[in-house]
Amino acid sequence: MALYGLIDGNSFYCSCEQAFDPALRDKPVVVLSNNDGCVIARSALAKAVGIKMGDPWHLIRRRPELSEVVAKSSNYSHYGDLSRRVFEILGAHVQRLEPYSIDETFLDLAPVTGDLMEFCQMLRGAVRQIAKIPTCVGVGPSKTIAKAANKLAKSRPELNGVCDLRDEATRVALYQDLGIGEVWGIGGKTAEKLAARGVRTVADFLRLDPRKVRDMMSVVGARVQAELRDVSCLPLSLMAPQRKGIAVTRSFGMPITDWWTMREAVASYATRAGEKLREHGLLASTMTVLLHTNPHNGDPWYSNQHSARIEATNDTTSLIGEAIRMLEPMWRAGFRYSKAGIMLGELIDAGSQPMSLFPTKDPVRSARAMAALDAVNGRFGRDTLRPLATGISRTWTAKAMNLSPRYTTRVGEILVGTAY
DNA sequence: TCTGGGGTCCTAGGACCC
DNA sequence: TCTGGGGTCCTAGGACCC
């Protein structure tokens, strides 16, 4: 009988900062993204004062009631070191484990003899004592159930950090109240779709005909349902799979409008991508360069990406050369399209949301929008802008590459300042 | 209503995860 | 002024082939 455990670090990045600096342990702590832009991890106290994942730091720091909050810039090499340490400690007690992310790993608990709850508490104690990281453990007959158990262990203090869902009657009772969106593999979109059909809890979801689930949610949903029904479909994978892509992407704190600044940035991303390739012992045979303007400020935004087959390499100079070659035409086009987008917004007097006009069923608005579009294309060239459901954009794709990428290097998701 | 059938390969887009 | 970064998998649909 399969038996899985899932152990993960509580507020992992924050716990790492607190492990490093004990003075932070009784404070609300957040860890910030690149450029200290937004919150990517919150300690329990930070969650308690209402800080949400992704909250922009520049807004939080202005609120007087949050003046106690300590913010740390992210330090991924530090977190990686502690993560390896935690996995080492666990490996000393569990023969088969599958690290799943930087802060969590699945455990094969089937071979454990004796009291399983005591064993899980022992693991927690070892990690807390040696690595100074607090953890929670979920236990169940499938990975998905173990994930759900882990979540419950976190949200219910009376469980003391370990939640055991081996017993079917316990699960059935819990599924009555467990929101389907809480389940591993069910995201916001799917939860919305299910809610529209009156499916809100795991219990509701398990009542659905599996064929209907398959139709609605593809094999992914079918698998989730089976796993929740105690049919384990996701075995433990002991070998880390080969990387399929490597990405180096950054946004800037300020709009970048100078070509040489952008060129240098992309060169440094290509350099970093080369380092990662060599670390993994890989060559890239396809490269993608992405670039977009700030999508948050209400202006029409520009987004573009270009992929090309390249001669398999992990050489820095070659990667930089390819990246710059791809970047250059997109950079020039970005200015043109941004200007065109702004002109369109002015012409249709749509304020900051011209994209919401396309497509529209209102014939008057539609006609006005199309007339504006014609005017813009008259100025900037045919087909500069075309109506799309998701926004004003122009895709630039080389259709010549008909070979399958073996490994992809994506270099640069770049914020270009809109040029007026 | 019927329109050949069965493949492969590739891309774009969507959804999800941490 | 200031809004993350790095991944995976699945599907639909087009091009192409015999």
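Residues numbered from 1 in each chain as written. Chains lettered and ligands numbered in written order. Predicted model: local features only at pLDDT ≥ 70, side-chain atom pairs only at ≥ 80, totals over all residues. Heavy atoms only, no water.

(A) Molecular detail of the pairing of strand β5 (residues 97-101). The pairing of β5 with strand β6 (residues 104-108) spans four bridges and is antiparallel. Each residue of the ladder has a partner; that of Pro99, found in β6, is Thr105. Between β5 and β6, which pair antiparallel one after the other, the connecting turn spans two residues. (Pairing = 2+ DSSP bridges. Helix = DSSP H or I, 4+ residues; strand = E, 2+ residues; numbered from the N terminus.)

(B) Summary view of the packing of aromatic side chains. Within the structure shown, the criterion is met by seven aromatic pairs. The interplanar angle of 55° and the centroid separation of 6.3 Å between the aromatic rings of Phe12 and Tyr13 together place this pair among those described as tilted. Tyr13 matches Phe12 in its accessibility class, with the two residues each being buried. An angle of 85° between the planes, with centres 5.5 Å apart, marks the rings of Tyr100 and Trp184 as edge-to-face. Note that Tyr100 is positioned in strand β5 and Trp184 in the loop between α7 (168-175) and α8 (188-196), a separation of 84 residues in sequence. We classify Tyr100 as partly exposed; its relative accessible area is 40%. Following the ring pairs from residue to residue traces out a cluster consisting of Phe12, Tyr13, Tyr76 and Tyr79. In this arrangement the basic side chain of Lys143 is found over the ring face of Phe106, its NZ or CZ atom lying 4.8 Å from the centre. (Phe/Tyr/Trp six-rings, centres within 6.5 Å; stacked < 30°, edge-to-face > 60°. Buried < 20%, exposed > 50% of the residue type's maximum accessible area, 1.4 Å probe, protein only. Lys NZ or Arg CZ within 6 Å of the ring centre and 35° of its normal.)

(C) Representation of the protein's contact with DNA strand C. In the region of DNA strand C, 26 residues are neighbours, and Asn34, Lys244, Ala247, Thr249 and Gly253 sit closest. Of all DNA strand C atoms lying within 4 Å of any protein atom, the proportion belonging to sugar or phosphate reaches 77%. Contact between DNA strand C and Thr249: a phosphate oxygen at 2.4 Å from a main-chain N or O atom of the residue. Among the elements of the structure, α10 (210-228) and β9 (245-248) are those that each provide at least two residues to the surface near DNA strand C. In terms of residue count, α10 provides more of the surface near DNA strand C than any other element does, five residues in total. Among the residues making up the surface near DNA strand C, the classes are represented as ten nonpolar, ten polar and six charged. (Near = heavy atom within 4 Å. Polar contact = N/O pair within 3.5 Å; in protein donor to acceptor, adjacent residues only side chain to side chain. Nonpolar A, V, L, I, M, F, W, Y, C, P; charged D, E, K, R; others polar.)

(D) Inspection of the sheet that holds strand β3 (residues 39-42) at higher detail. Taken in spatial order, the three strands make up an open sheet running β3-β2-β4, and their pairing is mixed. Across the chains shown, the open sheet's two edge strands, defined by having one partner strand only, are β3 and β4 (70-73). Looking at each pair of strands side by side, their axes are set apart by 30° on average, direction ignored. As paired strands, strand β2 (residues 29-32) and β3 are joined by three bridges and run antiparallel to one another. Across the sheet, residue Val30 finds its bridge partner in β3, namely Arg42. (Axes fitted to C-alpha atoms, helices over the stretch in contact; angles between N-to-C directions.)

(E) Highlighting the confidence of the model for chain A. When the pLDDT values of chain A are averaged, the result is 83; 80% of them are 70 or greater. In this model, residues 350-361 is a region of pLDDT below 50 whose contacts with residues beyond four sequence positions or in other chains number 28 contacts. Segment residues 412-420: pLDDT under 50, and 49 contacts once partners within four positions in sequence are set aside and those in other chains are kept. (pLDDT = per-residue confidence, 0-100. Contact = heavy atoms within 4.5 Å.)

(F) Geometry of the pattern of salt bridges. For the structure shown, the criterion picks out 15 salt bridges. Asp81 serves as the salt-bridge partner of Arg84, at 2.8 Å between the closest nitrogen and oxygen. With Arg84 and Asp81 both in helix α4 (residues 76-91) and three residues apart, this pair spans about one turn of that helix. On the basis of relative accessible area, Asp81 is assigned to the partly exposed category, the value being 44%. Two residues, Glu88 and Arg85, come together in a salt bridge whose shortest N-O distance is 2.8 Å. Linking Glu88 with Arg85, this pair stays in helix α4, spanning three residues, or about one helical turn. (Salt bridge = Lys/Arg side-chain N within 4 Å of Asp/Glu carboxyl O.)

(G) Seen up close, the UniProt feature "domain: UmuC" (unreviewed entry) in chain A. Using the residue numbers shown here, the UniProt feature "domain: UmuC" (unreviewed entry) corresponds to residues 4-187. Along residues 4-187, the helical share is 39% and the strand share 20%, with 22 Å between the first and last C-alpha atoms. (UniProt positions renumbered as here; feature names shortened; annotations may be inferred.)

(H) A look at the sheet that holds strand β8 (residues 162-164). Read across the sheet, five strands follow the order β5-β6-β1-β7-β8 without closing on themselves; strand pairing throughout is mixed. The open sheet terminates on both sides in strands that have one partner only, identified here as β5 and β8. In this sheet, neighbouring strand axes are inclined to one another by 15° on average, regardless of whether the strands run parallel or antiparallel. Pairing of strand β1 (residues 4-9) with β6, which is carried by five bridges, proceeds in the antiparallel orientation. Bridge pairing in β6 places Asp8 opposite Glu104.

(I) Spatial organisation of the nonpolar core. Judged by nonpolar contacts, the single largest core of 32 residues is most densely connected at Leu90, Leu109 and Ile133. Here the element with the most residues in this core is helix α5 (residues 116-131); it accounts for seven residues. When neighbours within four sequence positions are excluded, Leu109 is seen to be in contact with Leu3, Tyr4, Gly5, Leu116, Phe119, Cys120 and Val139. Core analysis: the second largest hydrophobic core is formed by 27 residues, Cys136, Leu152, Tyr175 and Met217 among them. (Core = buried A, V, L, I, M, F, W, Y, C linked by side-chain atoms within 4.5 Å.)

(J) Structural context of helix α11 (residues 259-280). Across its 22 residues, α11 extends 32 Å between first and last C-alpha, which sits within 8% of the 32 Å expected from 1.5 Å per residue. Trp259, Met262, Ala265, Val266, Ala267, Tyr269, Ala270, Ala273, Gly274 and Leu277 are the residues of α11 that are buried. (Expected span 1.5 Å × (residues − 1).)

(K) Broad picture of the packing of α4 against α5. At a closest axis distance of 10 Å, the pairing of α4 and α5 adopts a crossing angle of 140°. In terms of axis orientation, α4 runs oblique to α5. Two packed elements cross with a definite hand, and for α4 against α5 that hand is right-handed. The segment α4 lies against α5, with Leu82, Arg85, Val86, Ile89 and Leu90 engaging Leu123, Ala126, Val127, Ile130 and Ala131. Classifying every residue of the contact of α4 with α5 gives nine nonpolar, no polar and one charged. (Parallel < 35°, antiparallel > 145°, perpendicular 65-115°, else oblique. Left-handed = near helix turned anticlockwise from the far one by under 90°.)

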